[in-house]
Protein chains: 2
Amino acid sequence: MPKARPVHREAYERKAQIIKALAHPSRLMIVDALSEGEKCVQDLTEIVGSDMSTVSKHLTVMKAAGIVVDRKQGLQAIYRLRVPCILKFFGCVDAVLRANEESWRAASGG
Amino acid sequence: MPKARPVHREAYERKAQIIKALAHPSRLMIVDALSEGEKCVQDLTEIVGSDMSTVSKHLTVMKAAGIVVDRKQGLQAIYRLRVPCILKFFGCVDAVLRANEESWRAASGG
DNA sequence: TCCATGTTTGGCTATTGTGCCAAATATGCC
DNA sequence: GGCATATTTGGCACAATAGCCAAACATGGA
C-alpha cells in the first residue's frame, strides 16, 4: 500500500507559482520599493535599473501571481502590494542569511 | 543627487537565491514533509514521486541555500529544516491564494 | 486628428533549470 | 576484500526564464 499522504500536486504547483514570482532579485527590489507605497512603472524602472519593458514583464508576472495589483491613473500604471504578509518573507529570508553567515564563520573559524 | 536608495543588488541576489530554492512544487513538498520531522532521501523520494537523483538534486539546492541541513546516519542522509520560519512562507502563500480565489469569484460573479 | 508620454507586447537570443538514466561514491556487513 | 544499500554526480535533452530592442497600444492635450 502506498503512502497515505495525498498528492496535492496542484496545490503545490499554485504555491510554487507564487513563490516563483518572488524569486528574482529585480522582483524583490520591486516588492521592497512597493512596501513604501505604490509606485508607477517608471519609478520602479529607475530603482531596478533594467529596461522598462523588462520591469513591466516582471510586474506582469507578479500581478498574475496575485502579489501586486495595479490601477490606472492617467497615463500611468500604479502598482501596489496586494497582500501585506509578503513582507514577512524578507524577515525569514534574512534569518536564513544570518544562519548561513554563522555557519560559514563556524566552518572557517573553527 | 541621485536617489538615496542604495543598490543592494548583491543582497537581493542572495535573497532571491534562497527564495528560488523554494520555488518549485517538489521542493515545497519536501519542506512540507520535513516540517513533520527529519526524513531520509528515500522517504522524500516516495513522497515527491520523482527519481531519487532528482530529489537529491533538489535537496542539494536547498542545502546550498541554507534551507535544509543533512546528517549522515549509516548509509542514509537525513535531512531537516534549518530555519523554522520557513514554514511561515506557507501561511502567506495561502493568504495570496485565498485572495486570488476571492478576486476570481468577484470578477466572474459580479 | 495629431503628437507626446507611459506602458505593454512581440520576437529573438542567451542562460538557466529540470528530470531521467547511468555511473560513481560512501557506508556497513560478511 | 567483495557485495548490498543509500546517495550523489555526470551528462544530455528539453522546457522555461530573462533581457533587450522595436513596435503596438492607451491616454491626455493642443
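Figured I'd write up the structure that's included with this text. Please read these numbers as outputs of a predicted model, since none were measured by experiment.

Another aspect to go through is the interface of chain A and chain B. At the interface, 42 residues of chain A touch 42 residues of chain B. Taking both sides of the interface into account, the surface hidden between chain A and chain B amounts to around 3,900 Å²; carbon and sulfur atoms contribute 70%. At the surface where chain A touches chain B, the tally comes to two salt bridges. Secondary structure elements with two or more residues in the side of chain A that touches chain B: helix 1 (9-20), helix 2 (25-34), helix 3 (41-48) and helix 5 (86-109) of chain A. Take the side of chain A that touches chain B: its biggest share by element is 13 residues, from helix 5 of chain A. Here the side of chain A that touches chain B is composed, by residue class, of 24 nonpolar, four polar and 14 charged.

By nearness alone, 22 residues border DNA strand D, and H58(A), L75(A), S56(B), K57(B) and Y79(B) come closest of all. The sugar-phosphate share of atoms of DNA strand D within 4 Å of the protein amounts to 62%. Q42(B) is positioned such that a nitrogen or oxygen atom in its backbone is 3.1 Å from a phosphate oxygen of DNA strand D. Take S56(B): an N or O atom from its side chain is 2.7 Å from a phosphate oxygen of DNA strand D. When contributions to the surface near DNA strand D are tallied by element, the ones reaching two or more residues are helix 4 (52-65) of chain A together with helix 3 (41-48), helix 4 (52-65) and strand 3 (76-81) of chain B.

So, on to the protein's contact with DNA strand C. Around DNA strand C, the surrounding shell holds 21 residues, and the nearest of these are S56(A), K57(A), Y79(A), H58(B) and L75(B). Backbone sugar and phosphate groups make up 62% of those atoms of DNA strand C lying within 4 Å of the protein. V41(A) places a polar main-chain atom, nitrogen or oxygen, 3.3 Å from a phosphate oxygen of DNA strand C. Here a phosphate oxygen of DNA strand C sits 3.2 Å away from a polar atom, N or O, in the main chain of A77(A). The set of elements that each furnish at least two residues to the surface near DNA strand C consists of helix 3, helix 4 and strand 3 (76-81) of chain A together with helix 4 of chain B. Split by residue class, the surface near DNA strand C holds seven nonpolar, 10 polar and four charged.

Of the transformation placing chain A onto chain B, the axial shift is 0.0 Å and the rotation is 180 degrees, giving an RMSD of 0.0 Å. On the angle and the small slide along the axis, the relation comes out as a two-fold axis. Both copies present the same face, since 100% of the interface residues in chain A are matched by interface residues at the equivalent positions in chain B.

Procedures and definitions
- Residues numbered from 1 in each chain as written.
- Chains lettered and ligands numbered in written order.
- Predicted model: local features only at pLDDT ≥ 70, side-chain atom pairs only at ≥ 80, totals over all residues.
- Heavy atoms only, no water.
- Contact = heavy atoms within 4.5 Å.
- Buried area = accessible area lost by both parts, 1.4 Å probe.
- Salt bridge = Lys/Arg side-chain N within 4 Å of Asp/Glu carboxyl O.
- Helix = DSSP H or I, 4+ residues; strand = E, 2+ residues; numbered from the N terminus.
- Nonpolar A, V, L, I, M, F, W, Y, C, P; charged D, E, K, R; others polar.
- Near = heavy atom within 4 Å.
- Polar contact = N/O pair within 3.5 Å; in protein donor to acceptor, adjacent residues only side chain to side chain.
- Least-squares fit on C-alpha atoms with pLDDT ≥ 70 in both.

Read these as layout, nothing more, since geometry by itself doesn't imply function.
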